[in-house]
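# Working through the structure, step by step
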Amino acid sequence: MPGRILDVEVPADRPDLRTGTVDFGGVRRTVCLAYTPEAGVGDYVIVHVGFAITVVDEDEAARTLAVLRAMPGALETELGPEASAS
C-alpha cells in the first residue's frame, strides 16, 4: 500500500526505531520506518503490515493506489473500513 510520509519521529534512545505518520489518500496510520532509513517527510513509501518496505516516487505511488482503488474492497482490507470514506 503506497502512502506519503507526513512526519517522522525518532526516539532518542532508539534511533533505529523510526516511525512516521503516513497518509494513504486520506487515511493516516503510524508506520515503522526502520527498513527505509532514507525516507523522510514528503517521500512516498510502500507499506506492508505496518512497515515501510521501500521508497517509491509519487507517480508510482499514484498508479499503485489507483489500481488498489479499482479492486473492490482492497483499500478496506488494507486500511480498515474508514478507507472507503476517502
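Along each chain, residue indices are assigned from 1 in the same order as the chain's sequence is written. In keeping with the model being predicted, local features are shown solely for residues with a pLDDT of at least 70 and side-chain atom pairs are shown and tallied solely at 80 or more, while totals for entire chains, interfaces and linings include all residues. The basis for every side-chain value is the complete set of non-hydrogen atoms in the structure, without hydrogens or water.

### Considerations on the pairing of strand 4 (residues 44-48)
Type-normalised accessible area, obtained with a 1.4 Å probe on protein chains alone, sets the label of each residue: buried when under 20%, exposed when over 50%, and partly exposed for intermediate values. Comment: elements are numbered from the N terminus, with helices defined as DSSP H or I runs of at least four residues and strands as E runs of at least two. With four of five residues buried, strand 4 is to be regarded as a mostly interior element. If you look at the hairpin formed by strand 4 and strand 5 (residues 51-56), you'll find two residues sitting between the two strands, and Val 49 has a positive phi there, around 45°. Only strands that DSSP links by at least two bridges are regarded as paired with each other.

### Focus: the nonpolar core
Buried Ala, Val, Leu, Ile, Met, Phe, Trp, Tyr and Cys residues that are joined via side-chain atoms within 4.5 Å together make up what is termed a nonpolar core. Phe 24, Val 31 and Val 45 are the most contacted members of the largest nonpolar core, which has 14 residues in total. Secondary structure elements with two or more residues in this core: strand 2 (19-24), strand 3 (27-32), strand 4 and helix 1 (58-70). Filtering out sequence-adjacent residues up to four positions away, Val 45 remains in contact with Met 1, Pro 2, Gly 3, Ile 5, Val 22, Ala 39, Ala 52, Thr 54, Val 55 and Val 56. For this analysis, residues touch if any pair of their heavy atoms sits within 4.5 Å.

### Points about helix 1
An ideal rise of 1.5 Å per residue puts 18 Å on 13 residues; helix 1 measures up with 18 Å between its terminal C-alpha atoms. Regarding helix 1, the residues found buried are Ala 61, Leu 65 and Leu 68. Seen from one end, helix 1 has its buried residues packed into an arc of 60°, which puts them on one side. More than 90 degrees from the buried face of helix 1, the exposed residues found are Asp 59, Val 67 and Ala 70. We call two N or O atoms a polar contact when they sit within 3.5 Å, provided that within protein one can donate a hydrogen and the other can accept it, with sequence-adjacent residues counted only if both atoms are side-chain atoms. For helix 1, the capping residue at the N-terminal end is Asp 57, with a side-chain oxygen 3.1 Å from the backbone nitrogen of Asp 59. Expected span, for any helix, means 1.5 Å times one less than how many residues it has. Directions from the helix axis toward the C-beta atoms define the arc.

### Considering unusual backbone geometry
The residue Val 49 is not glycine, and still its phi comes out positive at about 45°. For Val 49, the location among the structural elements is in the loop between strand 4 and strand 5. For Val 49, a relative accessible area of 64% puts it in the exposed group.

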